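So the chains spell out like this:
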Amino acid sequence: MKDYIFSNDFSRNLDAMIYTCGYETCIPGHSYGPAIRSGYMIHYILKGKGIYKTNGKIYQLSEGDAFLIKPDTLIYYEADHHHPWSYTWIGFQGIKMRQYFERTSLLEHPCFHYDKDDRVRLCHEKMYEAYHLTQNRDLILNSILYEYLYLLATKYPQENISPEAKKRSYVEDSLQYIENNYDHSFSIQEIADSLGLERTYLYRLFKKVTGFSPQEYLLDYRIRKACELLQNTDLPIVQIARSVGYEDSLYFSRLFKQHMKFPPSSYRQKNFPACSDMPDYNND
């Protein structure tokens, strides 16, 4: 493997993305820092030795070890003077990266070891292969990223999750379920079943954290999505209703009016006059 470095366009995926990856064969005593990085980064040592300093601790590392760099944390690392390391690295950025790493123990224990036959290690090799692609590279990088995060969370799980953090995770997963499924009919019981929770417990937890019941939040989310479609498309009301999970467009119109004080067609005329003359296949 030849030395390489790759930088990605951060604007393509704000939630989570690989913004850099690379491989380097270090000369004796090669060092970086003391410095602060803007994103998360994991270095995996292929051979040789070196040290990593962070949070007042010094770690002696060698082949098969890896170390995590956290954003806004002062770090320093240096290759051994007699047996300098070669390593590959992956850098991560995105608004959900902290949340993903909180599922692992790596924030508290930044140095860890890969087994030689571990799929986690293979993700670094896939980066090298993806580096040479000229088309759709961002898609394969995103797929490798989520596989990598899944394997880290599985192999190095966070075992000291506080009860409050666990409850917050249930609510976040519920919100994600709604975001992914609002466009078709489902029950709150289905959300509870997907999380392995009783429906009444989920209701109390969701209400406490968000101030809304799951059903209230689902309705509000669907109406907000409907508003976006009314303002930004010329779809007829019946198709908008179906697009936000309501097969009965008349029922959808009644809910919309209760929520927004206007029926859908009036809302569209008020907020997006260019669509006011479009044919409407539903009576509000």
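Scroll up to find the structure this text is about.
Calculation rules
- Residues numbered from 1 in each chain as written.
- Predicted model: local features only at pLDDT ≥ 70, side-chain atom pairs only at ≥ 80, totals over all residues.
- Heavy atoms only, no water.
- Helix = DSSP H or I, 4+ residues; strand = E, 2+ residues; numbered from the N terminus.
- Buried < 20%, exposed > 50% of the residue type's maximum accessible area, 1.4 Å probe, protein only.
- Contact = heavy atoms within 4.5 Å.
- Areas by Shrake-Rupley, 256 points an atom, 1.4 Å probe, with all protein chains shown as cover.
- Pairing = 2+ DSSP bridges.
- Salt bridge = Lys/Arg side-chain N within 4 Å of Asp/Glu carboxyl O.
- Phe/Tyr/Trp six-rings, centres within 6.5 Å; stacked < 30°, edge-to-face > 60°.
- Lys NZ or Arg CZ within 6 Å of the ring centre and 35° of its normal.
- Axes fitted to C-alpha atoms, helices over the stretch in contact; angles between N-to-C directions.

Caption draft 1: Spatial organisation of the overall build of the protein chain. When helices and strands are counted, the protein chain shows 10 helices and 10 strands. The proportion of buried residues among the 284 residues of the protein chain is 44%. Of the contacts made within the protein chain by residues no fewer than 6 positions apart, 69% connect residues no fewer than 24 positions apart. About 15,600 Å² of surface is accessible on the protein chain, with carbon and sulfur atoms providing 49% of the total.

Caption draft 2: Representation of the pairing of strand β2 (residues 17-25) in the model. Of all 9 residues in β2, 7 are buried; the element is thus mostly enclosed. As judged from the 8 bridges shared by β2 and strand β9 (residues 86-93), these two strands associate in the antiparallel manner. Within the sheet, the bridge partner assigned to T20 lies in β9 and is G91.

Caption draft 3: The pattern of salt bridges, seen in detail. Applying the stated criterion across every chain, the model contains 8 salt bridges. Residues E125 and R121 are paired through a salt bridge, measuring 2.8 Å at the closest nitrogen-oxygen approach. Taken together, the positions of E125 and R121, both in helix α2 (residues 119-131) and 4 residues apart, correspond to about one turn of that helix. Looking at E125, the relative accessible area reads 36%, which means it is partly exposed. For E228, the salt bridge identified is with K225, shortest N-O distance 3.9 Å. Residue E228 and its partner K225 are both found in helix α7 (residues 214-232); the two are separated by 3 residues, about one turn of the helix. Judged by relative accessible area, which is 40%, E228 ranks as partly exposed. Looking at K225, the relative accessible area reads 22%, which means it is partly exposed.

Caption draft 4: Representation of the packing of aromatic side chains within the structure. According to the stated counting rule, one finds 23 aromatic pairs in the structure shown. Here the aromatic rings of Y100 and Y146 are separated by 6.2 Å at their centres, their planes lie at 85°, and the arrangement is edge-to-face. With Y100 in helix α1 (residues 97-101) and Y146 in helix α3 (residues 137-155), this residue pair connects regions lying 46 residues apart in the sequence. For the ring pair Y246 and F252, a centre distance of 5.9 Å and an interplane angle of 35° mean the geometry is tilted. An aromatic cluster is defined as three or more aromatic residues linked by ring pairs; in this entry it consists of Y32, Y52, Y59, F67, Y77, W85, Y87 and W89. The side chain of R37 reaches across the aromatic face of Y32, ending 4.2 Å from its centre. Over the aromatic face of Y246 sits the side chain of R222, whose NZ or CZ is 5.1 Å from the ring centroid.

Caption draft 5: Main features of the sheet that holds strand β3 (residues 31-36). Pairing within the open sheet is antiparallel, and its 4 strands lie in the order β3-β8-β5-β6. Two strands bound the open sheet, and with one partner strand each, they are β3 and β6 (57-62). Neighbour-to-neighbour, the strand axes of this sheet turn through a mean angle of 15°, independent of strand direction. Strand direction decides the pairing type here: strand β5 (residues 49-54) and strand β8 (residues 74-79), joined by 5 bridges, are antiparallel. Counted as the bridge partner of G50 is A79 from β8.

Caption draft 6: Focus on the environment of V244. Following the sequence through the fold, V244 ends up in the loop between α8 (237-243) and α9 (249-260). V244 gets classed as buried once you look at its relative accessible area, which sits at 0%. A C-alpha to C-alpha distance of 9.6 Å links V244 and L219, two positions 25 residues apart in sequence. Not counting the four nearest positions on each side in its chain, V244 is found in contact with Y182, D183, R222, K225, A226, L229 and F252.

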